[in-house]
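Topology and contacts: notes
Below, each chain spelled out in residue letters.
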There are 2 protein chains.
Amino acid sequence: MTVKIIVTHKPGVLDPQGQTVLKNLQQLGHKDVHDVRIGKYIEIDIDVSSREEAEKKALEISDKMLANPVIETFRVEP
Amino acid sequence: MTVKIIVTHKPGVLDPQGQTVLKNLQQLGHKDVHDVRIGKYIEIDIDVSSREEAEKKALEISDKMLANPVIETFRVEP
């Protein structure tokens, strides 16, 4: 069963990678682009019987190993 | 208007970051995890009047600047 996880910076946390892309886009003439935020997208393939169990396990793994809970937040994508 | 873009490796393209996470998870006892693929999640805030226009522009930017079309594929997330 595949669970999709999205990890993003918490609101208020600086995103230097996103800011760099934003600056470059604006310099290239994309003046209507106002903000860019870059996070991680993770697909985890877990061999369990139910979707609930797979999501629970994926969230546990995200919390412990994939996201930095001080500056990042994560969610399961349906 | 915020458009969400997901960039992933094309099928068949090696994902060393995902493989490393997978190996670590299995070593830590998560034997039921069979695969991990890691991509990018990008939120682009564009000041245009319609969602169609925003998505079109975001896809154009992704194609030219955010994804490597040789090894990556991307899509708009609803």
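Above this text sits the structure in question.
So, a few notes on the structure that sits alongside this text. As the structure is a computational prediction, the values presented were derived from the model and not from experiment. (Residues numbered from 1 in each chain as written. Chains lettered and ligands numbered in written order. Predicted model: local features only at pLDDT ≥ 70, side-chain atom pairs only at ≥ 80, totals over all residues. Heavy atoms only, no water.)

1. Things to note about the overall build of chain A
Helix and strand content of chain A: two helices and three strands. Put simply, chain A runs from its N terminus to its C terminus through helices and strands in the order β-α-β-α-β. Taking 78 residues into account, the globule formula puts the C-alpha radius of gyration at 12 Å, and chain A, at 16 Å, lies well above it. By its C-alpha atoms, chain A is 50 × 25 × 15 Å across when sized along the principal axes. Looking at chain A as a whole, 40% of its 78 residues are labelled buried. In chain A, once contacts between residues fewer than 6 apart in sequence are set aside, the share between residues at least 24 apart is 68%. As displayed, chain A has an accessible area near 4400 Å², and 53% of this comes from carbon and sulfur atoms. For chain A, the distance from the average position of its 11 positive side-chain charges to the average position of its 13 negative side-chain charges is 6 Å. (Helix = DSSP H or I, 4+ residues; strand = E, 2+ residues; numbered from the N terminus. Rg over C-alpha atoms; globule rule 2.2 N^0.38 Å. Buried < 20%, exposed > 50% of the residue type's maximum accessible area, 1.4 Å probe, protein only. Contact = heavy atoms within 4.5 Å. Areas by Shrake-Rupley, 256 points an atom, 1.4 Å probe, with all protein chains shown as cover. Lys, Arg positive; Asp, Glu negative; His and termini not counted. Charge placed at Lys NZ, Arg CZ, Asp CG, Glu CD.)

2. Structural notes on the sheet that holds strand β2 (residues 33-46) of chain A
The strands that make up a sheet are held in pairs by hydrogen bonds between backbone atoms, and each pair lies either parallel or antiparallel. The antiparallel open sheet is built from six strands, whose spatial order is β3(A)-β1(A)-β2(A)-β2(B)-β1(B)-β3(B). Each edge of the sheet is formed by a strand with only one pairing partner; in this case those strands are β3 (72-77) of chain A together with β3 (72-77) of chain B. Each strand of the sheet is rotated relative to its neighbour by a mean of 25°, with strand direction disregarded. As paired elements, strand β1 (residues 2-9) of chain A and β3 of chain A share six bridges and run antiparallel to each other. Among the inter-strand pairings, I5 of chain A is bridged to a residue of β3 of chain A, identified as V76 of chain A. (Pairing = 2+ DSSP bridges. Axes fitted to C-alpha atoms, helices over the stretch in contact; angles between N-to-C directions.)

3. Digging into the environment of A67 of chain B
Residue and element names in this part refer to chain B. Here A67 lies in the loop between α2 (51-66) and β3. Given a relative accessible area of 9%, A67 falls into the buried group. As for A67 and E55, which are separated by 12 residues in sequence, their C-alpha atoms are 15 Å apart. Ignoring any residue separated from it by four or fewer positions in sequence, one finds A67 in contact with V7, S62, E72 and F74.

4. As for the relation of the copies chain B and chain A
The two copies are related by a screw operation: chain B maps onto chain A through 180° of rotation and 0.0 Å of translation along the axis, at an RMSD of 0.0 Å. As the rotation angle and translation indicate, the two copies are arranged about a two-fold axis. Among all residues of chain B, the minimum C-alpha distance to the rotation axis is found for K40 of chain B, at 2.3 Å. When you check the interface residues of chain B against chain A, 100% turn up at the interface there too, and the contact is symmetric in its surfaces. (Least-squares fit on C-alpha atoms with pLDDT ≥ 70 in both.)

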